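Understanding the architecture of this molecule
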Amino acid sequence: MKYALLALLIIIILLGVFTCPPKSTIAADVYDVVRVVDGDTFIARIDAQNVRVRLIGVDTPESVHPNKAVEHFALEASAFLKGLLEGEQVYFIYDQNNAATNHKDRYDRMLAYAYRASDSLFINAEIIRQGYGHAYSKYPFTLMEDFIKYERNARHQNLGLWAETEDYPAVSDSLVWFNAGSNKYHREICRYTTDKSLSMSKTEAIAKDFEPCKVCKP
Ligand SMILES: [Zn+2]
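Keep in mind the model is a prediction, meaning the values are calculated, not measured. (Residues numbered from 1 in each chain as written. Predicted model: local features only at pLDDT ≥ 70, side-chain atom pairs only at ≥ 80, totals over all residues. Heavy atoms only, no water.)

**A short note on the sheet that holds strand S6 (residues 110-116)**
Test applied: Any two strands between which DSSP finds at least two bridges are classified as paired. Numbering of helices and strands runs from the N terminus; a helix is a DSSP stretch of H or I covering at least four residues, while a strand is a stretch of E covering at least two. Lines fitted to the C-alpha atoms define the axes, with helices restricted to the stretch that makes contact. Angles between their N-to-C directions range from 0 to 180 degrees.
Reading around the circumference, S1-S2-S3-S6-S5 is the order of the five strands in this closed barrel, with mixed pairing throughout. Neighbour to neighbour, the strand axes of the sheet diverge by 55° on average, direction disregarded. In the sheet, strand S5 (residues 89-93) pairs with S6 via four bridges, with the strands oriented antiparallel. Paired with Phe92 across the strands is Ala114, a residue of S6.

And the structure:
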């Protein structure tokens, strides 16, 4: 009887140990950064392969965009990410929203949250906090609310691409998005902005008597 009780106790303890994984002892694998591609993409060495990593939830200006201000900030954003990652190691966390595509985007890039190994700096968030990218709300991700808040703070502080200079007016002021059959214009991160939305300059939108969206307040 005594042994049966003891055995039962041991079984209960073992069940507890094996069904509750310890949260504080996750040892993430660390990878070398090979090079930075642009403001939101870099190459990491994973299992002896160069893997292109697209940072989740952040979008930086494309250098190919035919707009001088955007081009300027594309270089700045790229330089900013180089400053954060060159010669560093990183570890990754994935978002369940991308599980269905095996954490890949349509360009076969790995979708991840990246952390700098030396100090656990959260790279995706840091880009937005310092004003070198937008919160990218076109695709769902767990930290969207936080990232939108970081962007708002960066804009209020005129950081990075939100800083207005004479040579390069802020990107936020130069481009807005609109949808066919509507006279409302939106910011890129607005929930009404989709892959089908078209862009024009804010000046043009105002000249055409378009109205600013009440949700994204462009
Ligand atoms: Zn809007």
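**Observations concerning helix H4 (residues 144-156)**
The condition that has to hold: The span expected for a helix works out to 1.5 Å for each residue beyond the first. Burial classes: relative accessible area under 20% of the type maximum marks a residue as buried, over 50% as exposed, and values in between as partly exposed (1.4 Å probe, protein chains only). Note that the arc is defined by the directions from the helix axis to the C-beta atoms. Contact criterion: two residues are considered in contact whenever any of their non-hydrogen atoms come within 4.5 Å of each other.
The end-to-end C-alpha separation of H4 is 18 Å, in line with the 18 Å expected for 13 residues at 1.5 Å each. Every buried residue belonging to H4 is among Phe147, Glu151 and Ala154, and all of these are buried. With its buried residues spanning 65° around the axis, H4 presents them on a single face. Residues of H4 that are exposed and angled more than 90 degrees away from the buried face: Glu145 and His156. Tucked inside the fold, the buried residues of H4 contact S6, helix H3 (123-129) and strand S7 (134-135). A positive phi of about 55° marks Asn158, the residue just after H4.

**Overview of the environment of Val33**
Following the sequence through the fold, Val33 ends up in strand S1 (residues 31-38). Those residues in contact with Val33 that lie beyond four places of it in its chain are Phe42, Ile43, Leu85, Glu88 and Val90.

**Here we look at the pairing of S6**
Burial within S6 is extensive, with seven of its seven residues counted as buried. As judged from the three bridges shared by strand S3 (residues 49-55) and S6, these two strands associate in the parallel manner. Looking at S6, one finds that Leu55 is bridged to Ala112.

**Things to note about the coordination of the zinc ion**
Formally: Metal coordination here is assigned from N, O and S atoms located within 2.8 Å of the ion, or within 3.2 Å for Na, K and Ca; omission of water means that sites may look incomplete. All geometry calls rest on donor angles, where a four-donor set with angles between 85 and 135 degrees is tetrahedral, four- and six-donor sets with opposite donors more than 155 degrees apart and all others between 65 and 115 are square planar and octahedral, and all else is irregular.
Each protein donor to the zinc ion is listed here as His186 (ND1), Cys190 (SG), Cys213 (SG) and Cys216 (SG); together their distances run 2.2 to 2.3 Å. Coordination geometry of the zinc ion: the four donor atoms subtend angles of 96 to 126° at the metal centre, consistent with an arrangement described as tetrahedral. Positions of the donor residues of the zinc ion along the chain correspond to the pattern H-x3-C-x22-C-x2-C. Placement of His186 in strand S9 (residues 184-186) and of Cys213 in the segment after strand S11 (211-212) is noted, with a sequence separation of 27 residues between them.

**Let's talk about unusual backbone geometry**
Of note, Asn102 is a non-glycine position whose phi angle comes to about 55°, a positive value. Within the secondary structure layout, Asn102 lies in the loop between S5 and S6. Its identity as a non-glycine residue notwithstanding, Asp108 has a phi of 65°, on the positive side. With respect to the secondary-structure elements, Asp108 resides in the loop between S5 and S6. Residue Asp108 is classed as exposed on the basis of its relative accessible area of 54%.

**Observations concerning the layout of surface pockets**
Summary: where empty space remains is shown by rolling a probe the size of a single water molecule over the atoms. Stated formally: A 1.4 Å probe that fits into a set of points on a 1 Å grid over the protein atoms alone but cannot get out defines a cavity; an open set with protein on both sides within 12 Å along at least five of seven lines defines a pocket, and lining residues are those with an atom within 4 Å of a point. Grid points are joined across faces, edges and corners, and a volume is the space filled by probe spheres set on the points. Classification used: nonpolar for Ala, Val, Leu, Ile, Met, Phe, Trp, Tyr, Cys and Pro, charged for Asp, Glu, Lys and Arg, polar for all others including Gly. Boundaries between domains were set according to an automatic or database domain assignment.
Empty space within the largest pocket amounts to approximately 1000 Å³. Forming the walls of the largest pocket are 44 residues, and the residues nearest its centre are Arg54, Asp59, Tyr136, Lys138 and Glu188. Only S3, H4, helix H5 (171-174) and strand S8 (176-178) provide two or more residues apiece to the lining of the largest pocket. Along the lines of polarity and charge, the residues of the lining of the largest pocket split into 17 nonpolar, twelve polar and 15 charged. In terms of domain composition, the lining of the largest pocket takes at least three residues from each of domain 1 (31-162) and domain 2 (175-212). Of the volumes computed, that of the second largest pocket is approximately 360 Å³. Residue lining of the second largest pocket: 14 residues in total, with Ile148, Arg187, Ile189, Val215 and Cys216 positioned closest to the centre. Taken together, the residues of the lining of the second largest pocket break down into six nonpolar, two polar and six charged. There are two domains that each give the lining of the second largest pocket at least three residues, and those are domain 1 (31-162) and domain 2 (175-212).

Just geometry here; none of it tells us what the structure is for.
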